Amino acid sequence: MSNQDTKVGKEASDLPRRNFLRILGIGAACTGAMVSAGSLIAKEQVNESATAPPPPKIPNYDWNKHKWAFGIDATRCIGCLRCVEACKAENGVAQDAHHFRTWVERYVYLEGEDKPRIDSQSDPQNIAASGSEKEFRFDNRYKDAKVEKAFFVPKLCNHCTHPACVQVCPTGATYKTKDGVVLIDHSYCIGCEYCVQACPYGAREFNHVLGVTDKCTWCYHRITKGLLPACVEVCPVEARIFGDRNDPQSPISLFIRNNRVAVLKPETGNAPNVYYVGIDKDVS
Amino acid sequence: MIGTLAHAAPYVGYVYPNETDIPWGILIVIYPYITGLVAGAFIVSSLYHVFGLVQFKPVARFALLTAVSFMFFVPVPLLFHLGNPQRAFNAVLTPHWTSAMAAFSYVAGFYICLLLLEIWFAFRADIVALSKTTSGVLRTFYRVLTLGSDDVTPRSLAIDHKLAVILAMIGIPAAVGLHGYVGFIFGSVKAREWWSSDLMPVIFLLSAIISGVGLLIVLYVTYSKVRKVQVDDACMQGLARTMWAFLMVVLVLEGLELLEMFYKGLEVIGMVQRLIQGPIWFSMLIQWGGSIAVLTILTALIVFRTKGKSLVPWLTVSGLAMMVAVLAMRWNVVIGGEELSKTMKGLLTYYPLVFGRGGLLVVAIIFTCPFIVLWVNTRLLPPWEPDEKAAT
Amino acid sequence: MPKHLVRLLILVAVLAVAAIAAKKFFTDKSYYMYGNYRGNSVAEIASDVPRFRGNEYCKSCHTKQYAEWSSSPHNSPGTGKHVKCEVCHGPVGQHPSTLPAPLNFDERLALKEGITNYQAFMPNGKLPVPKEECVQCHEAMPGRPLVQRQVMIAAHAGTEKCIACHNPHSPKINFAAVLQPPRGDASAGKAVAAACGACHGAAGVSVNPAWPNLAGQHAGYLTNSLEAFKSGTRTNAMMSGMAAGLSDTDMQNVAAYFSQAACKTSGGDKAKVDLGKIKAASCALCHGAFGISGNPVWPNLAGQNADYLSSTLKSFQNGSRKHPVMTSVAKTLSAGDVANLAAYYASVNCK
């Protein structure tokens, strides 16, 4: 049985759970809220979702025809951080060492040590090596050390099937699209940062200028135009793979089919959609 | 675009790059704290109004005013914390019901309405009387509050009383729910090991009650001193016993929670240990040291049946210490949870700012406001019973 | 029912109706269209303008560079080696148009909210030339997979730049294809050169045989030398200070000026010249059979002062100057070889 089959099976089995949660949420709210107003809102929701509206007005794009997913081949990553800089340039992310839509971690096991030494491009020593918080590089600090094993792991938003961030958003400013991307409506977000707390992967960051939460969109403005996300576009070693799972011959479908893939923190029940090859027990 | 982070949190070990921008600061420490004071004060008033414990009669109406004065300021730290406070209405307009936070405006709004109604029924006879004895703006104010009805016949007062009891009975689950729900906001975040506990709502609620009782003791004694009336002995003893009982349970539950965490020894435990020894050691000391000290004093007061002049200072100190200990507990939960990195391989340290929107100054101002509003409220609607004795 | 209760109920009912009406009025029309969110925001987010636009966009104008790159190892899709234009050059944005790009979702929002300092960067017009990007990927570093080509920079290149030997568009060594350093303006360089004249002569012919002649030297070599003095990878009591005050443009201009000045052969001891000529065969691969180097970033030796040449070789021997090739070459030379070679190159016609 291919991975895709199991995925579909899993989603089907999750359906009752989602409905149950929804009913539970509506029920709890109705009792808590002023009863009349509460039930009106709930009814409205059900009515509206019963009719099938036309897909969003994106030129030459129908979100019903795609199911996006992301792959990372950590065995290929060279830690050049072109992806991190490209992401910031493409998406106008804050130019400092504390706000990232994607980042790269380095795991180094030295001889005689059980635990890896972990750092990312944000580490002060790496920032010192790059000379600014606008450019990123890994300081070559282990070049003379006795390294037993070392590797790089790119990280980004997992665009989970059951995103905890979407679950906790009080306004509906963040949501999951039909094609599998978790987006944030910056014009609707109140900036409570509950979603920042809820994400187990630390993928969400706060845009202090607009007062809203921000995160990776898989470059939704690119993928809906037939382009690759910026980080995938610039990865010189093809460590980042992106594609449509509805197309069995897409790079991501092949990647998932031809490799034994893992996801991060599956125990949280978020069901991530970023698939990893070549990560280790200490990566989480 | 320019970097706009006022300050990044220092850390040890490995934390996700975005974690150095700590999402919830001291404003969110004060938010559950104020909510807790409301819940505690309300429970004391219900002990009289619903459960008929007459020793609480001297503070029953005062407790209601305390609850509503603090309740007005529950949303304020939240609004100050929001990146876009002008959009806060969105959460009311289009609530996303799977979010624990979406219900906040409804739960809080419902609770404020309930409190206002209960106060209205409890004070209606006084309001009608005041509308006749005052003049000018005050008279208009009281006239509006009467809704144009002077009906204070025994029959309608009996109906009022019945409705007040019903409201108080709804109020108990509402108060418990409101605060249990605040605990749920934290307890349901599975990404945060330090928060993600089934006991969180219960512990939040019970510690809320003890902090509220503590506040009530302090306020009651202060108001009595200022008004130069005698502090009611039976009432004080009742408050001492209430605080003792709830404090006991809180300590046992919190102890159990820690014990369970260490006994299970999950992956995160090493970092939890370092968290307790590191960034939050001082507030842990305040929380546990304060709680145990208060428990000791209360036990002694109850065992020795202390009364009158010697009871007042000890109990007041206990009340204050309880408030401080619970504030420390809120810090430990909210800030501690964020200082423990989601990587489980690092610890951050949060330093509050003094100035700025999320700074200590703003928090101090927000926390002062309910006391001022309470003072105004007690002037508009004097809650005191007519049979008070003058201080000797 | 008492009057006050009736009025209370009316008040509650009025408030409830007002609340429901407010919800109807204020809720965005596209909300609940697809779920519990504002449906229009999907298309708004999708409307942003991409900044990275891919190889095809570059190809339409930069045909020569594209052709070089497309047949090189840097273009091996599917094998884990696919270094596209924007990896090194950065986002192309609106280039070459100088018109500003349409605002994206966040920028429009900031404008609406009255935030004026929120203008994200969108490249347009002339794009910056990439700096030394090679080391980002090719510096030997624990954690990089073994299949990745990696070098220890100090041993592999010393103070030499990557582009001295490699053309990044087609990195396999091919000296004919090596990138030319940016060309300076000789007339503008003349003013800068005034400061050099005291030692190197106003026309680039040194006043003291211990110092190098600059006239007729490759501009690329001169620029790189000045940059090395400025950055500190090469040190000299006099030159480090001189170079520190020069901008990149100054260096290119002054290099252009001296490279176009007429050179003068200094001449050398005839007996040594013949011996040196034999030994010079081993230098010819890089510095040319007659001391004129084929690579513009390697120095010409023809006509150079013998004293300077021999002291330079000695500095490679004793390690005070470092170079991946020259250090090892110099160490094979005897004291006599050094003197003979210096005399030979000093006597070769530099024209």
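With respect to the overall build of chain C
Right, so step 1: Looking only at helices and strands, chain C has 18 helices and two strands in total.
Right, so step 2: For a compact globule of 351 residues, the expected C-alpha radius of gyration is about 20 Å, and chain C comes in at 32 Å, more than 25% above that figure.
Right, so step 3: Seen along its three principal axes, the alpha-carbon backbone of chain C occupies a region of about 130 × 45 × 40 Å.
Right, so step 4: A buried classification covers 35% of the 351 residues belonging to chain C.
Right, so step 5: Sequence-distant contacts, at least 24 apart, represent 71% of the contacts inside chain C between residues at least 6 apart.

Overview of the overall build of chain B
Right, so step 1: Of regular secondary structure, chain B possesses 13 helices and two strands.
Right, so step 2: Relative to a compact globule of 392 residues, whose C-alpha radius of gyration would be 21 Å, chain B shows 22 Å and is just as compact.
Right, so step 3: Projecting the C-alpha coordinates of chain B onto the three principal axes gives extents of approximately 70 × 55 × 35 Å.
Right, so step 4: Burial status across chain B gives 50% buried among its 392 residues.
Right, so step 5: Restricting the contact set of chain B to residue pairs at least 6 apart, pairs at least 24 apart contribute 79%.

Details of the confidence of the model for chain B
In regions of low pLDDT, the predicted coordinates are not meant to be interpreted in detail.
Right, so step 1: Chain-level pLDDT for chain B is 90 on average; 98% of the residues reach the 70-or-more range.
Right, so step 2: Throughout residues 1-5 of chain B the model reports pLDDT below 50, and contacts reaching past four residues in sequence, or to other chains, amount to 19 contacts.

A short note on the nonpolar core
Burial of nonpolar side chains together is a common tendency in soluble globular proteins.
Right, so step 1: B:Val38, B:Ala63, B:Ala67, B:Ile210 and B:Leu216 are the most contacted members of the largest nonpolar core, which has 210 residues in total.
Right, so step 2: Broken down by element, this core gets its largest block of residues, 17 residues, from helix H1 (residues 26-49) of chain B.
Right, so step 3: The contacts of B:Ala67, once residues within four sequence positions are left out, are B:Val38, B:Ala41, B:Phe42, B:Ser45 and B:Leu115.
Right, so step 4: Membership of the second largest hydrophobic core comes to 41 residues, among which are C:Ala219, C:Phe258, C:Leu313 and C:Val338.

Remarks on the interface of chain B and chain A
Right, so step 1: If you look at the interface, chain B gives 42 residues, while chain A gives 52 residues.
Right, so step 2: Elements supplying a minimum of two residues to the side of chain B that touches chain A: helix H4 (90-93) and helix H5 (104-133) of chain B.
Right, so step 3: Considering each element in turn, the side of chain B that touches chain A owes the most residues, three residues, to H5(B).
Right, so step 4: Classifying every residue of the side of chain B that touches chain A gives 23 nonpolar, 12 polar and seven charged.

Remarks on the sheet that holds strand S4 (residues 147-156) of chain A
Residue and element names in this part refer to chain A.
Right, so step 1: As summarised here, the arrangement of the three strands in space is S3-S2-S4, forming an open sheet in which the pairing is antiparallel. Since the sheet does not close on itself, it has two edges, and those belong to strand S3 (117-120) and S4, each with one partner. Strand-to-strand twist in this sheet, taken as the mean axis angle between neighbours without regard to direction, amounts to 20°.
Right, so step 2: Bridging between strand S2 (residues 102-110) and S4 involves nine bridges; their strand directions are antiparallel. Paired with tryptophan 103 across the two strands is lysine 155, which belongs to S4.
Right, so step 3: Sheet strands in contact with helix H3 (residues 82-91) are S2 and S4, and its direction is about 160° off that of S2.

Let's talk about the interface of chain C and chain B
Right, so step 1: If you look at the interface, chain C gives 13 residues, while chain B gives 11 residues.
Right, so step 2: Of the residues contributing to the side of chain C that touches chain B, the split by class is six nonpolar, four polar and three charged.

Some words on the packing of helix H9 (residues 233-264) of chain B against helix H12 (residues 308-339) of chain B
Residues and elements named next belong to chain B.
Right, so step 1: Following both chains from N to C, one finds H9 and H12 inclined at 35°, their axes separated by 11 Å at the closest point. Note that H9 runs across H12; the crossing there is left-handed. In this structure, H9 contributes Asp233, Met236, Ala240 and Met243 to the contact, and H12 contributes Gly308, Leu311, Val312, Leu315 and Met322.

Topic: the domain arrangement of chain B
Residue and element names in this part refer to chain B.
Right, so step 1: For chain B, the assigned domains read domain 1 (23-188 + 351-382) and domain 2 (196-349).
Right, so step 2: Relative placement of domain 1 and domain 2: their C-alpha centres are 22 Å apart.
Right, so step 3: Of all the elements in the fold, those that place two or more residues in the side of domain 1 that touches domain 2 are H1, helix H2 (57-71) and helix H7 (154-187).
Right, so step 4: Considering only residue class, the side of domain 1 that touches domain 2 consists of 23 nonpolar, nine polar and no charged.

What to know about the domain arrangement of chain C
Right, so step 1: According to the domain assignment, chain C contains domain 1 (55-124), domain 2 (186-260) and domain 3 (270-347).
Right, so step 2: Looking at the side of domain 2 of chain C that touches domain 3 of chain C, its residues break down into six nonpolar, seven polar and one charged.

Overview of the environment of B:Val50
Residue and element names in this part refer to chain B.
Right, so step 1: The residue valine 50 is located in the loop between H1 and H2 in this model.
Right, so step 2: Taking the C-beta count within 10 Å as the criterion, valine 50 has 17 such neighbours and is therefore assigned partly exposed.
Right, so step 3: Along the sequence, valine 50 and glutamine 277 sit 227 residues apart, while their C-alpha atoms lie 44 Å from each other.
Right, so step 4: In contact with valine 50, not counting residues within four places along its chain, are Val165, Ala168, Met169 and Ile172.

A look at the packing of H1(B) against helix H13 (residues 360-380) of chain B
Residues and elements named next belong to chain B.
Right, so step 1: One can describe the packing of H1 onto H13 by two numbers: an axis separation of 9 Å at closest approach and a directional angle of 20°. Comparing their axes, H13 and H1 come out roughly parallel. Read as a crossing pair, H1 and H13 show a hand that is right-handed. Of the residues in H13, those in contact with Ile26, Leu27 and Ile30 of H1 are Leu360, Val363, Ile366 and Phe367.
Right, so step 2: Taken together, the residues of the contact of H1 with H13 sort by class into seven nonpolar, no polar and no charged.

Thoughts on the pairing of strand S1 (residues 68-73) of chain A
Residues and elements named next belong to chain A.
Right, so step 1: Summarising burial for S1: six of the six residues are buried, a large majority.
Right, so step 2: By the alternation rule, side chains of S1 split into Trp68, Phe70 and Ile72 and Ala69, Gly71 and Asp73, which are all buried.
Right, so step 3: Across five bridges, the pairing between S1 and strand S9 (residues 240-244) is antiparallel. The residue bridging tryptophan 68 from the neighbouring strand is aspartate 244, located in S9.
Right, so step 4: Taken together, the four bridges between S1 and strand S10 (residues 274-277) define a ladder with parallel strand orientation. Within the sheet, the bridge partner assigned to aspartate 73 lies in S10 and is valine 277.

So, the sheet that holds S9(A)
Residue and element names in this part refer to chain A.
Right, so step 1: Spatially, S9-S1-S10 is the arrangement adopted by the three strands of the open sheet, whose pairing is mixed. The sheet is open, and its two edges are formed by S9 and S10, each paired on a single side. Averaged over neighbouring strand pairs, the angle between their axes works out to 20° when direction is ignored.
Right, so step 2: Helix H9 (residues 251-258) contacts S1, S9 and S10 of the sheet and is inclined by roughly 115° relative to S9.

About the criteria used
Here, residues in each chain are numbered from 1, in the same order as that chain's written sequence. Chain letters start at A and ligand numbers start at 1, both assigned in the order the entries are written. Note on the predicted model: pLDDT of at least 70 is required for a residue's local features to be given, and 80 or more for side-chain atom pairs to be given and counted; whole-chain, interface and lining totals, by contrast, use all residues. Only runs of H or I of at least four residues qualify as helices and only runs of E of at least two qualify as strands under DSSP, and these elements are numbered from the N terminus. Our radius of gyration looks at C-alpha atoms and nothing else; its globule reference is 2.2 Å times the residue count to the power 0.38. Labels follow a simple rule on C-beta atoms placed from the backbone: if 20 or more others lie within 10 Å of a residue's own, it is buried; if 12 or fewer, it is exposed; otherwise it is partly exposed. Here, residue contact means that the backbone-derived C-beta atoms of the two residues sit within 7 Å. For every residue, the pLDDT score states the predictor's confidence, bounded by 0 at the bottom and 100 at the top. To count as a nonpolar core, a set of buried Ala, Val, Leu, Ile, Met, Phe, Trp, Tyr and Cys residues must be joined through C-beta atoms within 7 Å. We call Asp, Glu, Lys and Arg charged. Ala, Val, Leu, Ile, Met, Phe, Trp, Tyr, Cys and Pro are nonpolar, and the rest, Gly among them, are polar. The criterion for strand pairing is that DSSP finds at least two bridges linking the strands in question. Convention adopted: a line fitted to C-alpha atoms gives each axis, helices being fitted over their contacting stretch, and angles between N-to-C directions are expressed from 0 to 180 degrees. Helix crossings get a hand from a simple test, with the near helix turned counterclockwise from the far one by less than a right angle marking a left-handed crossing and a clockwise turn marking a right-handed one. Domains are outlined according to an automatic or database domain assignment. These descriptions rest on fixed angle ranges, namely under 35 degrees for roughly parallel, over 145 for roughly antiparallel, 65 to 115 for roughly perpendicular, and the rest for oblique.

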